[in-house]
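Structure at a glance
Residue-level listing of the chains:
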Amino acid sequence: MCSFSIFDRRFHSFSSQVPQRAPIGVFDSGVGGLTVLRQLYQQLPNESIIYVGDTARLPYGIRSQGEILQFVREILCWMRLQGVKMAIMACNTSSALALDIVRQEFDFPILGVILPGAMAAVEQGQRIGVIATPATAQSNAYRQAILEIKSHVQVWQVSCPEFVPLIEQNRIHDPYTAEVAKTYLEPLLRQEIDTLVYGCTHYPHLSPVLRSLLPTQVKLIDPAVHVVVACSQELDILGIKNTYPPMPTRFAVSGCPQQFTQSGLQWLGYTPMVEQVCFADAVVS
């Protein structure tokens, strides 16, 4: 069953233990979560942020639930050592397969992208398409969340295994990418969808390609926008929204820092300083 609360209300006492200035942790398998980071910059410009890209182990969308759960636990343990006041799973696969479990294991609030995205989708349409990684599509997380919110809508999901590698390789404007996208969208277009949900935080990077292939009346739902709205609301509820100037964003990856730096420049408009981290060490320590 899908819970309509963003996270457990036991965190109402959390504000007395955590300073406003503590950072928000954001993590994804790679550059997809930068779509969430950009929304944080726009909606919550005073918040300090630690961004984690588990680039050595991407893509997450073809991993088993056991692997995903292990990776998420390692990253959250590392974030706990950095003193985060909240974490955002900027990864639909992790949100689908690990969120409910790790929320019971960590003493800070953890937000996922699926419920905010599902709530936004049902506000916009009746015939909803979801494009997602294989693991997210197989989990049925979006379908379940959407139908629990509004049972009479129709939902179709398509697994898109090639999208994340193409985005990470910066092949968005490659003609091959457009052909792949056309293939993935075809079954949704046959159903005459009126709304399309980006079921992976990487996918907004493909918006120019997808928009060119979709009828103009089809609405695009970016869960990154809506999870940050939820984040802002929860920070207010907990009384831990930062009102001071933020610290510079800290970037940590498990793979090659140089490769991530190049992608960061393209998607963020500035060159991030990126450090390499072994997240498994946080569990040992």
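Residues numbered from 1 in each chain as written. Predicted model: local features only at pLDDT ≥ 70, side-chain atom pairs only at ≥ 80, totals over all residues. Heavy atoms only, no water.

**Notes on the overall build of the protein**
Helices and strands together make up the secondary structure of the protein, namely 13 helices and ten strands. The C-alpha atoms of the protein give 18 Å as radius of gyration, which agrees with the globular expectation for 285 residues (19 Å, within 12%). Here the C-alpha coordinates of the protein stretch approximately 50 × 40 × 35 Å along the principal axes. In the protein, which comprises 285 residues, the share counted as buried stands at 56%. Here the analysis covers contacts within the protein between residues at least 6 apart in sequence; of these, 77% occur between residues at least 24 apart. Placing the 20 positive and 23 negative side-chain charges of the protein at their respective mean positions leaves the two points 3 Å apart. (Helix = DSSP H or I, 4+ residues; strand = E, 2+ residues; numbered from the N terminus. Rg over C-alpha atoms; globule rule 2.2 N^0.38 Å. Buried < 20%, exposed > 50% of the residue type's maximum accessible area, 1.4 Å probe, protein only. Contact = heavy atoms within 4.5 Å. Lys, Arg positive; Asp, Glu negative; His and termini not counted. Charge placed at Lys NZ, Arg CZ, Asp CG, Glu CD.)

**Quick word on the environment of proline 116**
Tracing the backbone through its elements, the reader meets proline 116 in helix α5 (residues 114-124). Using a relative accessible area of 7% as the deciding quantity, one classes proline 116 as buried. Separated by 33 residues in the primary sequence, proline 116 and isoleucine 149 place their C-alpha atoms 11 Å from one another.

**Some thoughts on the packing of aromatic side chains**
A complete count under the given rule lists ten aromatic pairs for this structure. Measuring from ring centre to ring centre gives 6.0 Å for tyrosine 51 and phenylalanine 251, while their planes differ by 45°; the resulting arrangement is tilted. Taken together, the positions of tyrosine 51 in strand β2 (residues 49-53) and phenylalanine 251 in strand β9 (residues 250-253) put the pair 200 residues apart, joining distant regions of the chain. Residue classification places phenylalanine 251 among the buried residues on the basis of a relative accessible area of 1%. Relative to phenylalanine 260, the ring of tyrosine 51 lies with its centre 5.8 Å away and its plane at 35°, an arrangement referred to as tilted. Of the two residues, tyrosine 51 sits in strand β2 while phenylalanine 260 sits in helix α12 (residues 257-268), which places them 209 residues apart along the sequence. (Phe/Tyr/Trp six-rings, centres within 6.5 Å; stacked < 30°, edge-to-face > 60°.)

**Concerning the sheet that holds β9**
Taken in spatial order, the six strands of this open sheet run β4-β3-β1-β2-β9-β10, and their pairing is parallel. In the strand order of this sheet, the two ends are held by β4 (110-111) and β10 (274-276), each with one partner. Pairing of β2 with β9 involves four bridges; the strand directions are parallel. Bridging from a neighbouring strand, tyrosine 51 pairs with phenylalanine 251 of β9. This element, helix α11 (residues 223-238), spans β1 (24-28), β3 (86-89) and β4 of the sheet and lies at about 165° to β3. (Pairing = 2+ DSSP bridges. Axes fitted to C-alpha atoms, helices over the stretch in contact; angles between N-to-C directions.)

**What about unusual backbone geometry?**
Here leucine 58 and proline 59 are connected by a cis peptide whose omega angle stands at 0°. As for its placement among the helices and strands, proline 59 is situated in the loop between β2 and α2 (65-81). The backbone phi angle of asparagine 140 is positive, close to 65°, even though this residue is not glycine. The topology assignment puts asparagine 140 in the loop between α6 (134-139) and α7 (141-149). The class for asparagine 140 is partly exposed, based on a relative accessible area of 28%. The backbone of asparagine 170 sits at a positive phi, close to 60°, despite the residue not being glycine. The residue asparagine 170 is located in the loop between α8 (163-168) and α9 (175-190) in this model.

**Quick word on the pattern of salt bridges**
All chains considered together, the criterion is met by nine salt bridges. In this structure, the salt-bridge partner of aspartate 54 is arginine 57, at a minimum N-O distance of 2.9 Å. Look at arginine 57 and you get buried, because its relative accessible area is 18%. Across the salt bridge formed by lysine 241 and aspartate 236, the nearest N and O atoms sit 3.1 Å from each other. Among the charged side chains, a salt-bridge network with shared partners connects Asp54, Arg57 and Glu74. (Salt bridge = Lys/Arg side-chain N within 4 Å of Asp/Glu carboxyl O.)

**Regarding the sheet that holds strand β7 (residues 195-199)**
The parallel open sheet is built from four strands, whose spatial order is β6-β5-β7-β8. The open sheet has two edge strands with one neighbour each: β6 (154-159) and β8 (219-221). Going from strand to strand, the sheet's axes swing by 20° on average, the running direction of each strand aside. Inspection of the sheet shows strand β5 (residues 127-132) paired to β7 by five bridges, in the parallel sense. Bridged to glycine 129 within β7 is leucine 196. Against the sheet, α9 contacts β5, β6 and β7, and its axis sits at roughly 165° relative to β6.

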